[in-house]
Amino acid sequence: HRLETTRGAGSARTPGAVAQLGDIAKPYTHVSDWRSQLRRDMMIEMLQEETQHHYYCSENETYLHFVQSHNEWWVSDYAEFKSHKRHGYINVVGVPEQPPPSKKKLWEIYVGARIWKDTDKVTVTIPEVEKGEAEKIVLQAAEGIKESYGAHCTINPAKVT
């Protein structure tokens, strides 16, 4: 199908005139107005084409999110999370279902000069939860992590813990 119209299509029409090629129908003349059918506390199904696995920490306002294009988990601020960017405080290669705990795979931190290093100074654990409870991921940065990697290390321990 191909839809062709002009910016002013239908603007000079008199009421009751026959539609012309290029005219656009008035809103909701061919489909229902679903917005007017919504009611408070109504259950609705939302479909998204692109989902991003993530966890949110309200204490330090960071997101642990999966970047599908590179199969990486990142701890980032909101802007990087929302734009699916590979940017943040720490990262690790993994699968979308769940980030790997640090016992299985070391996470990386940026140490400066475009160098990322695996570190054992960040602990990532996934505690068991009761059925029906939200899954939790616990990240902890060791004391003195920034100092142990030198002056160019940009990690902010408060954003990781």
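An account of the accompanying structure is given in this report.

The rules behind the values
- Residues numbered from 1 in each chain as written.
- Predicted model: local features only at pLDDT ≥ 70, side-chain atom pairs only at ≥ 80, totals over all residues.
- Heavy atoms only, no water.
- Helix = DSSP H or I, 4+ residues; strand = E, 2+ residues; numbered from the N terminus.
- Buried < 20%, exposed > 50% of the residue type's maximum accessible area, 1.4 Å probe, protein only.
- Polar contact = N/O pair within 3.5 Å; in protein donor to acceptor, adjacent residues only side chain to side chain.
- Contact = heavy atoms within 4.5 Å.
- Salt bridge = Lys/Arg side-chain N within 4 Å of Asp/Glu carboxyl O.

1. Considering the side chain of His65
Looking at where His65 falls in the secondary structure, it is placed in strand 2 (residues 62–67). With relative accessibility at 0%, the residue His65 sits in the buried group. Among the polar contacts listed, one links the side chain of His65 to the side chain of Ser76, at a separation of 2.9 Å. Apart from the residues lying within four places of it in its own chain, the contact partners of His65 are Gln52, His53, His54, Glu72, Trp73, Trp74, Ser76, Glu80, Phe81 and Lys85.

2. Some words on the pattern of salt bridges
Should the charged atoms of two oppositely charged side chains come close, the side chains can pair. A complete count under the given rule lists one salt bridge for this structure. The salt bridge involving Arg86 is made with Glu72; its shortest N-O contact spans 2.7 Å. Taken together, the positions of Arg86 in the loop between helix 1 (78–82) and strand 4 (90–93) and Glu72 in strand 3 (residues 72–76) put the pair 14 residues apart, joining distant regions of the chain. Classification of Arg86 by relative accessible area gives partly exposed; the value is 41%.

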